[in-house]
Amino acid sequence: MSNVICDLLGIKYPIFQGAMAWIADASLASAVSEAGGLGIIAAGNAPADIVREEIRKCKEKTDKPFGVNIMLLSPFVEDIVDLVCEEGIKVITTGAGDPGKYMDKFKEHGICVIPVTPSVAHAKKMEKLGCAAVIAEGMESGGHVGRTTTMALVPQVVDAVNIPVIAAGGIADGRGMAAGFMLGAKAVQIGTRFLVANECTVHENYKKKVLKAKDMDTVTTGQITGHPVRVLKNKLARQFAVVEKEEGGKEKPDLERIEALGRGALQRAVKEGDMDFGSVMSGQIAGMVTKEQPAKEIIEEIMSEFTALVKEY
Ligand code: TUI
C-alpha cells in the first residue's frame with residue numbers, strides 16, 4: 001500500500017514515535033525504526049554532546065530512517081541545529097515554536113522539516129516556510145501542549161494546508177490511528193504508548209505510573225506561564241496548582257516562581273524515578289496503556305487493528 005508519508009521518508013508504516021524529552025533516545029528510536037515506523041530522538045533541552053552520542057548510537061543500531069526532534073525552547077537550540085546538519089539527519093520534527101530562523105540552513109542540507117503545530121495559523125505559516133508536512137498535535141498529548149483537541153485541530157489543519165498532516169494527541173491504538181486518518185491525516189504520532197515499550201529506557205517507576213494511570217489522571221501544570229505541560233497527577237502537580245492559584249490572584253504574578261517549580265523536574269522523574277516531585281509527562285490516553293511490550297509488537301498490533309478498520313490508506 002502506498003502512503004505519502006511512507007514514500008516521503010522511506011518508512012514502512014505511517015507511525016511516528018513521539019519525541020519525549022529525556023526519554024526518546026537511541027534505544028527507543030532505533031527499535032521503532034527497525035519495526036518500520038519513524039523513530040525520533042528527542043533533543044529536548046539536552047546539550048549537543050549528549051544528542052550527538054544518541055544519534056551515533058542510533059546509526060549503529062539501525063540503517064533505517066530515523067529523525068531528531070528539536071525543542072525550540074532549548075537553550076542549546078543553535079547547537080542542535082548545527083548538529084543535525086553535521087550528522088546528515090534526513091528528517092527533523094520541531095516542537096514548542098517556530099523553526100523559521102533555521103529553515104534556510106535545513107534546506108541547504110536537504111533536511112525534511114516537520115513541525116509540531118498547535119493551530120491553523122501556525123500550520124499555514126509552516127507550509128509557507130517550506131515544511132514538508134506538519135504534526136497537528138491536540139491537547140490530549142503529554143508534555144508541552146496547545147489548547148485545541150486533536151478531534152477539532154486535525155481536520156481544520158487538513159483543510160487549511162496542502163502539505164500532509166500527521167495527527168497526534170490521544171492516539172495509542174488502531175482505532176485512534178483510523179480516527180486520525182478519517183480526519184484527513186496521512187500518518188499518526190504516538191508518544192505515551194511507547195513510554196512503556198521494552199526498549200524505552202525511562203525509569204521503571206515512570207512506566208509503572210503510566211501503566212496504572214486511569215483516564216482522569218492527567219492535569220496541566222504551568223498554564224499561566226504560557227507553556228502548559230500535561231503530566232500525571234502527583235505532589236508536584238498539586239504544588240503547581242497551589243502556587244498557580246496564589247500567583248494567578250496577583251496583579252503581577254511571579255512567573256519565575258512557577259517556572260522554578262518545573263526546572264529539572266522532568267529529569268527527576270525520568271532518571272531518578274521520583275514519582276512525587278518529578279514531572280511525569282504523559283498523554284490523556286495513559287489509561288488505555290496497560291502492558292509493556294517490544295516496540296515492534298506495539299507497531300504490529302496497531303497496524304493490524306488499523307488495517308482491519310481501514311482497508312486502504
Ligand atoms: O514540544 C512538545 N512537547 C514537549 S517539549 C517538552 S520539554 C519542556 N519542558 C518544560 C517546559 C516546556 C517544554 C515536553 N513536552 N510538543 C510539541 C508542541 N509544540 N506542543 C505544542 C507546540 C507548539 C506550541 C506553540 C508549537 C508551536 C507553537 O508556536 C507558538 C508560536 O507562536 O511560535
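Undergrad: An account of the sheet that holds strand β5 (residues 112-117) is requested, with residue identities and associated values reported.
TA: Reading across the sheet, the eight strands line up as β1-β9-β8-β6-β5-β4-β3-β2 and stay open at both edges, with parallel pairing between neighbours. Looking at strand neighbours, the two that pair on one side only are β1 (15-17) and β2 (39-42), the edges of this open sheet. The average angle at which neighbouring strand axes cross in this sheet is 25°, direction not considered. As judged from the five bridges shared by strand β3 (residues 66-71) and strand β4 (residues 91-95), these two strands associate in the parallel manner. Bridge pairing in β4 links Asn69 to Thr93. Running at roughly 170° to β5, helix α6 (residues 120-129) makes contact with β5 and β6 (134-137) of the sheet.

Undergrad: Account for the pairing of β3, naming residues and giving values.
TA: The buried count for β3 comes to five of six residues, which makes it a mostly enclosed element. In this sheet, β3 lies alongside β2 in parallel orientation, the contact comprising four bridges. Each residue of the ladder has a partner; that of Ile41, found in β3, is Val68. Once you follow β3 into helix α4 (residues 77-86) and on to β4, the crossover reads as right-handed.

Undergrad: Describe helix α14 (residues 295-309), naming the residues involved and giving the relevant values.
TA: Over its 15 residues, α14 runs 21 Å from end to end, which matches the ideal 21 Å to within 8%, given 1.5 Å per residue. What α14 keeps buried is the set Ala295, Ile298, Ile299, Ile302, Met303 and Phe306. Each buried residue of α14 lies within a common arc of 120° when the element is viewed along its axis, so the set occupies one face. Summarising the contacts, the buried residues of α14 are in contact with β1, α2 (26-34), α8 (174-182), β9 (187-190) and α9 (192-195).

Undergrad: I'd like to hear about the site of the ligand, residue by residue, with values.
TA: Contacts to the ligand come from 13 residues, most closely from Ala96, Gly97, Val116, Glu137 and His144. Between the ligand and the protein, one listed contact pairs a nitrogen atom with a backbone N or O atom of His144 at 2.9 Å. About the coverage of the ligand: the protein hides 72% of its 710 Å² of free accessible area. Of the residues in the shell around the ligand, the class split is six nonpolar, five polar and two charged.

Undergrad: So what's going on with the sheet that holds strand β10 (residues 218-221)? Which residues, and what values?
TA: Across the sheet, three strands lie side by side as β7-β11-β10; this open sheet has antiparallel pairing. Pairing within the sheet leaves two strands with one partner each, and these edge strands are β7 (143-144) and β10. Strand direction decides the pairing type here: β7 and strand β11 (residues 229-232), joined by two bridges, are antiparallel. Counted as the bridge partner of His144 is Val229 from β11. Strands β10 and β11 of the sheet are contacted by helix α11 (residues 235-248), whose axis makes an angle of about 45° with β10.

Undergrad: So what's going on with the nonpolar core? Residues and values would help.
TA: Core analysis: the largest hydrophobic core is formed by 80 residues, its most contacted members being Ile15, Ile70, Val84, Phe106, Phe194 and Tyr206. Residue contributions to this core reach at least three from each of two domains, namely domain 1 (4-201) and domain 2 (214-281). With 16 residues, the next largest nonpolar core counts Val91, Cys112, Ala133 and Ala187 among its residues.

Undergrad: Give me the lowdown on the environment of Ile166, citing residues and values where you can.
TA: Checked against the element boundaries, Ile166 lands in strand β8 (residues 165-168). When residues no more than four places from it in sequence are discounted, the contact partners of Ile166 are Ile5, Phe16, Ile114, Ala133, Val134, Ile135, Ala136, Ala185, Ala187, Val188 and Gln189.

Reading guide: rules and limits
- Residues numbered from 1 in each chain as written.
- Predicted model: local features only at pLDDT ≥ 70, side-chain atom pairs only at ≥ 80, totals over all residues.
- Heavy atoms only, no water.
- Pairing = 2+ DSSP bridges.
- Helix = DSSP H or I, 4+ residues; strand = E, 2+ residues; numbered from the N terminus.
- Axes fitted to C-alpha atoms, helices over the stretch in contact; angles between N-to-C directions.
- Contact = heavy atoms within 4.5 Å.
- Buried < 20%, exposed > 50% of the residue type's maximum accessible area, 1.4 Å probe, protein only.
- Right-handed = clockwise from strand over helix to strand, strands pointing away.
- Expected span 1.5 Å × (residues − 1).
- Arc of directions from axis to C-beta.
- Near = heavy atom within 4 Å.
- Polar contact = N/O pair within 3.5 Å; in protein donor to acceptor, adjacent residues only side chain to side chain.
- Areas by Shrake-Rupley, 256 points an atom, 1.4 Å probe, with all protein chains shown as cover.
- Nonpolar A, V, L, I, M, F, W, Y, C, P; charged D, E, K, R; others polar.
- Core = buried A, V, L, I, M, F, W, Y, C linked by side-chain atoms within 4.5 Å.
- Domains from an automatic or database assignment.

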